[in-house]
Amino acid sequence: MISVKNIVKTYGKKDSLFKALSNVSFSIPEGSTVAIVGKSGSGKSTLMHIMSGLDHPDSGAVMIGDQELHKLKGRKMDKFRSTEMSFIFQAFFVEANQTCYQNVSLPLEIAEEGQRKIRIEDALGQVGLKDKIDAKAGNLSGGQKQRLAIARAIVNKPKLIFADEPTGNLDSSTGEMIIKLLFKLNRLNKNTLIVVTHDNELADRCQYRITLKDGKVVHFAENKKVSK
Amino acid sequence: MKIFDVSQRSARNLKQAKARTLLTAMAIGVGAFALTMTLAASNGAQSYVNRLISNNFDPTELLVAKDETIFGRGDNNKPQEYDASFGSISSASGAPIQVKQVTEQDVNKILKYPLVEQVREGVILNVQYVTRPGQKKYIANIQDYSPARNPEILAGSIPKPINNTSLLLPEAYVSALGFKDPQSAIGKELTIAIRKSLSSQIVETGTAPRNLQDAEVIGDKSTVLVPFKVVAVLKSEPAQPGTELSLQISTQAAKNLNDIATAGTSQYRQYTRVNVKVKDGEDKANLLKVQEQLSKDGFVSQSVEETQQFLTQIINVLKTIVVAFGLIAIIASVFGVVNTMYISVIQRTREIGLMKALGMRRKDVSRLFRFEAAWIGFLGGAIGSGLAVVLGTLLNPWITNKLDFGTQKLLIFKANQIAILIVLLVLVAIFAGLLPARKAAKLDPIEALRTE
Ligand SMILES: Nc1ncnc2c1ncn2[C@@H]1O[C@H](COP(=O)(O)OP(=O)(O)OP(=O)(O)O)[C@@H](O)[C@H]1O
Ligand SMILES: [Mg+2]
């Protein structure tokens, strides 16, 4: 179970105090797919940053299994993130000057894990980029770049994958392909997928939909139609 | 993150910014070049001094004089009380100065010291001329041959001990005296002419000359001709300055000639300096004991080591000046490294954010940039030192020739020195990279990932 309990996050000081998240709570089972939706500025990215331990809440807790995330400090937090989580961003954030191999290698290097060649080849194979292994990431198309970012996100076999607007920079057919890939990999690798999105079509395919408005959860829905 | 992976990533980053990396490294390279050259030149100078010393001095001997001026320490600007032991020598600037000299009694006194094995009087004497049958006369000076001297021999050999009729001839006299090559001078007889002092002439003739012509006639009659046999021809050695035109003979023979020239004068059997050989003088304690005793008896002495230190001191002063300039260049290059590293951090803000989001430790992020700085330092050091070695090696023969250093190389490159220099430059570069690396390590991943 991944539980978010009474998260409050404010920005600014006294006079210009701004509540980005107020009393956000929900629970989702591990291995599920979750969409966080809402208007721009509603607090989606802030929530994702707190759930991934990149940011600290003013109060409240995030439980990942038995682990209270923000109780982890320093080295332990880094270790947890490097082995249990990964990210996919709207703007890909792949290193254009490095090869696909080197890009995918990064999480393994950070987590100090071995058997890199096999694992990198496997991850690139899963996103259909095996033949581009030695190509410079800068020479890939937008869709290929995002597939490369997905390979980088799955190479470590993390429990949790956060994706912030993964299709935002792609045309609809390429976006569609990326979405299909994300769900296929979720079924295959049994990781939890948390997607921040404006895209209703994407949100409809997730098992859970969390709607934020002005930092509050205004709607929490389980989509029974989506098969596990 | 493993150190190997960190260093690989930083090397890759540098390769992506080749021009910037190289330019920054070049600034360090200038300092490395200057320092490598300085080190090489001072190695050369040091080895020159060492060779000069070991080819001319016996480390078990002490140089002993009565007057501090001989060792360049005395104060001869004040009037000194007269005594009979004063004699005249030339100062470094050529002016005649009066110094106290070592007398025969002094020599006998020193010989009685328990730790003294032998006293060798240092004789340098201008003779009237040197010649051989059928050849012109040439001026010459005579020096006693020190067994510690190790000159380069062109022909013949130096017998040990050298006997009293043997003579070592400098290369320059070979053709002057009509020999076709050094080898053909060996075994030939030379005549050295020496004029008795005026007072001994008066004693022998029983009359004092009444006018100048008179004196000249008597003087010519009292010229003594002494035969010597050439046993070796010496290459004129720049490592033994002042000996280029000196005919060297045994100490005893030199003393005999000196006696002839000075008999009846105040200079008779007086020496500006003597060489005192110490028993088991390899042991520094023995040298010190003798030096103590000498100073108690009013002598001044200098060991070979002290002579060497004196010369080395001069080299060190010069070295310090050039090293200072090299260091200034390196300090200037530090700012270049800081600047380059800051640019690198700013350019890679997003990448740093991603790495931190993926759980890369702060210290590894910082290490990534310190490695980058280290690479720049290494590159600069290797380029600068490498260029210095290549250029130095190519120019060495030419410089050596220009400076008339003989077989001595002016620039001596030592691998271990260069290695240490490069390591130091790497450390300097890492130091310069500390602040930018800290900035990178402290980046907030959320902020960093927001920048587009
Ligand atoms: N560091 C910050 N300082 C001040 N305010 C912030 C900061 N980060 C976020 N906010 C504010 O918090 C609110 C929520 O921001 P957040 O980025 O979570 O929105 P979002 O739902 O992801 O929007 P979008 O769809 O445009 O990405 C916004 O009003 C934003 O201005
Ligand atoms: Mg957002």
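As the structure is a computational prediction, the values presented were derived from the model and not from experiment.

Reading the values: the criteria
- Residues numbered from 1 in each chain as written.
- Chains lettered and ligands numbered in written order.
- Predicted model: local features only at pLDDT ≥ 70, side-chain atom pairs only at ≥ 80, totals over all residues.
- Heavy atoms only, no water.
- Contact = heavy atoms within 4.5 Å.
- Buried area = accessible area lost by both parts, 1.4 Å probe.
- Salt bridge = Lys/Arg side-chain N within 4 Å of Asp/Glu carboxyl O.
- Polar contact = N/O pair within 3.5 Å; in protein donor to acceptor, adjacent residues only side chain to side chain.
- Helix = DSSP H or I, 4+ residues; strand = E, 2+ residues; numbered from the N terminus.
- Nonpolar A, V, L, I, M, F, W, Y, C, P; charged D, E, K, R; others polar.
- Domains from an automatic or database assignment.
- Buried < 20%, exposed > 50% of the residue type's maximum accessible area, 1.4 Å probe, protein only.
- Pairing = 2+ DSSP bridges.
- Axes fitted to C-alpha atoms, helices over the stretch in contact; angles between N-to-C directions.
- Phe/Tyr/Trp six-rings, centres within 6.5 Å; stacked < 30°, edge-to-face > 60°.

Engineer: Help me get a handle on the interface of chain A and chain B, residues and values and all.
Structural biologist: On the chain B side, the residues contacting the 26 residues of chain A number 22 residues. Interface area, chain A with chain B, both sides summed: about 2400 Å², of which 55% is carbon and sulfur. If you sort the residues of chain A by the area they bury against chain B, Phe 93, Glu 109 and Ile 110 of chain A come out on top, with a joint share of 25%. Our enumeration of links across chain A and chain B arrives at 3 salt bridges. Here chain A is connected to chain B by 9 residue pairs in polar contact (both at pLDDT 80 or more). When residues of the side of chain A that touches chain B are assigned to their parent elements, the largest contribution, 6 residues, is made by helix 3 (residues 100-110) of chain A. Residue classes in the side of chain A that touches chain B are distributed as 9 nonpolar, 8 polar and 9 charged.

Engineer: Give a description of the domain arrangement of chain B that names residues and reports values.
Structural biologist: When the parts of a complex come together, some accessible area is lost, and that lost area is often used as the size of the interface. Each domain of chain B was delimited in the assignment, giving domain 1 (3-52 + 310-450) and domain 2 (60-302). Look at where the C-alpha atoms of domain 1 of chain B and domain 2 of chain B centre, and you get two points 54 Å apart.

Engineer: How would you summarise unusual backbone geometry if you had to cite specific residues and measurements?
Structural biologist: At the junction of Lys 160 of chain B and Pro 161 of chain B, the peptide bond is cis and its omega measures out at -5° in the coordinates. Within the element layout of this structure, Pro 161 of chain B appears in the loop between strand 7 (153-156) and strand 8 (166-170). For Asn 6 of chain A, which is not glycine, the phi dihedral falls at a positive 50°. Along the polypeptide, Asn 6 of chain A turns up in strand 1 (residues 2-11). Unlike most non-glycine residues, Glu 165 of chain A shows phi in positive territory, near 50°. By secondary structure assignment, the location of Glu 165 of chain A is in the loop between strand 7 (160-164) and helix 6 (172-189). The buried category is assigned to Glu 165 of chain A, whose relative accessible area is 11%.

Engineer: Would you mind going over the sheet that holds strand 4 (residues 116-121) of chain B in detail, with residue names and values included?
Structural biologist: Residue and element names in this part refer to chain B. Judged by pairing direction, the sheet is antiparallel, and its 4 strands sit side by side in the order 4-12-1-13 without closing on themselves. Sheet topology places strand 4 and strand 13 (300-303) at the edges, where each strand pairs with a single neighbour. Each adjacent strand pair in this sheet contributes to an overall mean axis angle of 25°, direction not counted. Relative to strand 12 (residues 273-278), strand 1 (residues 61-65) runs antiparallel, the two being bridged by 5 bridges. The partner of Val 64 across the bridge, within strand 12, is Val 274. Of the strands in this sheet, strand 1, strand 4 and strand 12 touch helix 3 (residues 104-111), which is tilted by about 160° from strand 4.

Engineer: Go over the packing of aromatic side chains, please, and point to the residues and values.
Structural biologist: Residue and element names in this part refer to chain A. Summed over the entire model, instances satisfying the criterion amount to 6 aromatic pairs over all chains. Look at Phe 26 and Phe 220: their rings are 6.2 Å apart centre to centre, the planes differ by 25°, and that puts the pair in the stacked class. In this pair, Phe 26 is assigned in strand 2 (residues 18-28) and Phe 220 in strand 10 (residues 216-222), connecting sequence segments 194 residues apart.

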